[in-house]
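Examination of the molecular architecture
As a plain string of letters, each chain reads:
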Amino acid sequence: MADSAVTYTSHRAMAWNQGNSNKSSLVNYLSLAILSSKAILHIDPLIVNAFFAQQKEKSESRTHNIKTISLEMNMEPFAHAIIWSMFEKIKHQLNIQDPPAYVSTAEKLAKSILSLYPLFVWENKKSESLATLSWCIAAYTLVINPEAIVYLKVKPLGHANQKGFAIYATKDIIKGEYIQELLGLMPEDRTKNYTDLSTITPHPDNRNQDKNSSFDEKLLIGPIRFINHRCFSYNVEFVAVRDTYAFTIIATKDIKASEEILLCYGVDYFKEDGSKCLCEDCREIPEEEEEVSKNSTSQINVEEQSKANKNKRARQKERRKLGPI
């Protein structure tokens, strides 16, 4: 999961015609959803914490403090554990090869959760809350389903013993193959009351209520946002699904089983000089070998230091132009 503010960008668009497989039918159904931003902000963080936070006490933590798109959380941790146990009892019914049963099971679980925890109901709008909760259950469980071609795990990220989510391939994936499980969805509207953890600039071919409106950034939810960033060694990229609010992923190179799925979040992420990027690509770029003169008080010559930093940034930008390798 992206742990820094980032606005993703998409450079391709597609119509959803990826064959007649059952998985395609399921993901196509989910991509057609129309959800409101306020309902998403209310429900998405709750279900993400319930499904992906560590629910059992262990001597050594395997997970991390999950960051969410909402500015506040309104549910106690014990409730997350109860929801997880409810999911454990029905997860065997989430069969990707049977899309109607998959959707029905997600909806049944959503109804049970709403019955047990009325707090999940957003502004007394039960039908809208049910639709949003059902979508979150169906979409997020795709990456923890044994039939998926990817899986979710927690790994060390960055410095200071930080941990975060990562997506890995369960089998070899060929260049040009769509990874349908990694679905993302924007709300139909916009709201300002969210963190900037996961946003995206809509593609012109995405569905847009106001054809004259600008394509400003919007929230992005779904398992697609668990993919980590690389500046130039990424192996997938975003694809907008035409006439929907959805995005999926396409492989830009062959990916081996157990290899991490990686995205380039977009040029806006680097803030021109790359100074805010903490991905492994940027950290692996060696520091410029430089000799700087010091004055009599042993202070670093500012002009030489500035020149060295400028050269380093130029090297970073040049390497990003290479694209996937």
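Throughout this document, residue positions are counted from 1 along each chain, in the order its sequence is written. Per-residue local features of the predicted model are confined to residues with pLDDT of at least 70, and side-chain atom pairs are confined, for both listing and counting, to 80 or more; whole-chain, interface and lining totals are unaffected and use all residues. Each side-chain value is worked out from all heavy atoms of the structure, with water and hydrogens disregarded.

Considering the overall build of the chain
The secondary structure listing takes helices from DSSP runs of H or I that are at least 4 residues long and strands from runs of E that are at least 2 residues long, numbered from the N terminus. When you go through the chain residue by residue, the secondary structure sums to 7 helices and 11 strands. Here's how the labels work: a residue is buried when its accessible area is under 20% of the maximum for its type, exposed when over 50%, partly exposed in between, all with a 1.4 Å probe on protein chains only. Out of the 325 residues belonging to the chain, those deemed buried represent 50%. When checking whether two residues touch, look at their non-hydrogen atoms; a contact exists if any pair is within 4.5 Å. When contacts within the chain are restricted to residue pairs at least 6 apart in sequence, long-range pairs at least 24 apart make up 74% of them. Using the Shrake-Rupley algorithm and a 1.4 Å probe, accessible areas are obtained, with residue cover drawn only from the displayed protein chains. By element, 48% of the accessible surface of the chain is carried by carbon and sulfur atoms, the whole surface being about 16,400 Å².

Concerning the side chain of Thr132
Mapped onto the elements of the fold, Thr132 is located in helix α5 (residues 126-140). Once you skip the residues sitting within four places of it in the chain, Thr132 turns out to touch Leu35, Ala39, Ile40 and Ile43.

Comments concerning the pattern of salt bridges
Opposite charge on two side chains allows them to pair when their charged atoms are near. One speaks of a salt bridge when a side-chain nitrogen belonging to Lys or Arg is within 4 Å of a carboxyl oxygen belonging to Asp or Glu. Per the counting criterion, the structure on display carries 7 salt bridges. Among the ionic pairs, Lys155 bridges to Glu260, the shortest N-O distance being 3.0 Å. Here Lys155, found in strand β3 (residues 150-156), pairs with Glu260, found in the loop between β10 (246-251) and β11 (262-263); they are 105 residues apart in sequence, far enough to count as distant. For the pair shown, Lys155 and Glu260 are each scored as buried. Put simply, Arg230 and Glu260 hold a salt bridge, and the shortest N to O gap is 3.9 Å. Placement of the pair is Arg230 in the loop between β8 (228-229) and β9 (236-241) and Glu260 in the loop between β10 and β11, with a sequence separation of 30 residues. The exposure class of Arg230 is buried, given its relative accessible area of 7%. Three or more residues are tied together by salt bridges with common partners; here these are Lys155, Arg230 and Glu260.

Digging into the confidence of the model for the chain
Predicted confidence across the chain gives a mean pLDDT of 75, with 61% of residues reaching 70 or more. A residue's pLDDT is the predictor's confidence in that residue, given on a scale from 0 to 100. Contacts for the low-pLDDT stretch residues 1-8, under 50 throughout, to residues beyond four places or in other chains number 41 contacts. Every residue in residues 285-300 scores below 50 in pLDDT, and together they form 21 contacts with partners more than four places removed in sequence or on other chains.

A closer look at α5
To estimate how far a helix should extend, the number of its residues minus one is multiplied by 1.5 Å. Over its 15 residues, α5 extends 21 Å from the first C-alpha to the last, a length consistent with the 21 Å expected when each residue adds 1.5 Å. Burial analysis of α5 places 11 of its 15 residues in the buried class, which makes it a mostly covered element. Within the span of α5, buried status applies to Ser129, Leu130, Thr132, Leu133, Ser134, Trp135, Cys136, Ile137, Ala138, Ala139 and Tyr140.

Some remarks on the pairing of β9
β9 sits mainly inside the fold: 6 of its 6 residues count as buried. Direction of pairing for β9 relative to β10: antiparallel, over a ladder of 5 bridges. If you follow Phe238 over to β10, its bridge partner there is Ile249. Two strands make a pair as long as DSSP finds a minimum of two bridges between them. Once β9 ends, the chain turns through 4 residues before running back antiparallel as β10, passing Asp243 with a positive phi of about 60 degrees.

A closer look at a nonpolar patch on the surface
On the surface, a nonpolar cluster with roughly 280 Å² of combined accessible area is contributed by Phe78, Ile82 and Leu116. Locating Leu116 in the fold gives a position in helix α4 (residues 99-116). Patch membership requires over 30% relative accessible area and the absence of a salt bridge. Like charges are linked within 9 Å, and nonpolar side chains (Val, Leu, Ile, Met, Phe, Trp, Tyr) within 5 Å.

Brief notes about unusual backbone geometry
Excluding glycine, most residues fall at negative phi; most peptide bonds, likewise, are trans. Even without a glycine there, the phi angle at Glu123 is positive, about 50 degrees. On the secondary structure map, Glu123 appears in the loop between α4 and α5. At Ser258, a residue that is not glycine, the phi angle is positive and equals roughly 75 degrees. Along the chain, Ser258 falls in the loop between β10 and β11. Residue classification places Ser258 among the exposed residues on the basis of a relative accessible area of 53%.

Concerning the packing of aromatic side chains
When we look at a pair of aromatic rings, we describe it by the centre distance and by the angle of the planes. Stacked, tilted and edge-to-face are the three classes assigned to paired rings of Phe, Tyr and Trp, where Trp is represented by its six-membered ring and a pair needs centres within 6.5 Å; plane angles under 30 degrees give stacked, over 60 edge-to-face, the rest tilted. With the rule as written, the count across this model stands at 11 aromatic pairs. Judged by centre distance (6.3 Å) and plane angle (80 degrees), the rings of Phe238 and Phe247 are edge-to-face. One exposure class covers both Phe238 and Phe247, and it is buried. Through a chain of ring-to-ring contacts, three or more aromatic side chains come together here, namely Phe51, Phe52, Trp84, Phe87, Tyr140, Phe165 and Phe226. Criterion for a charge above a ring: Lys NZ or Arg CZ within 6 Å of the ring centre, and within 35 degrees of the ring normal. The ring of Tyr168 carries the charged tip of Lys153 above its face, separated from the ring centre by 5.1 Å.

Section: the state of the cysteines
Defined by distance alone, a disulfide is two cysteine sulfur atoms within 2.5 Å. Throughout the structure, instances matching the rule amount to 0 disulfides. Just so you know, Cys264 is unpaired, no disulfide at all, and the nearest cysteine sulfur is the one on Cys231, 6.2 Å from it.

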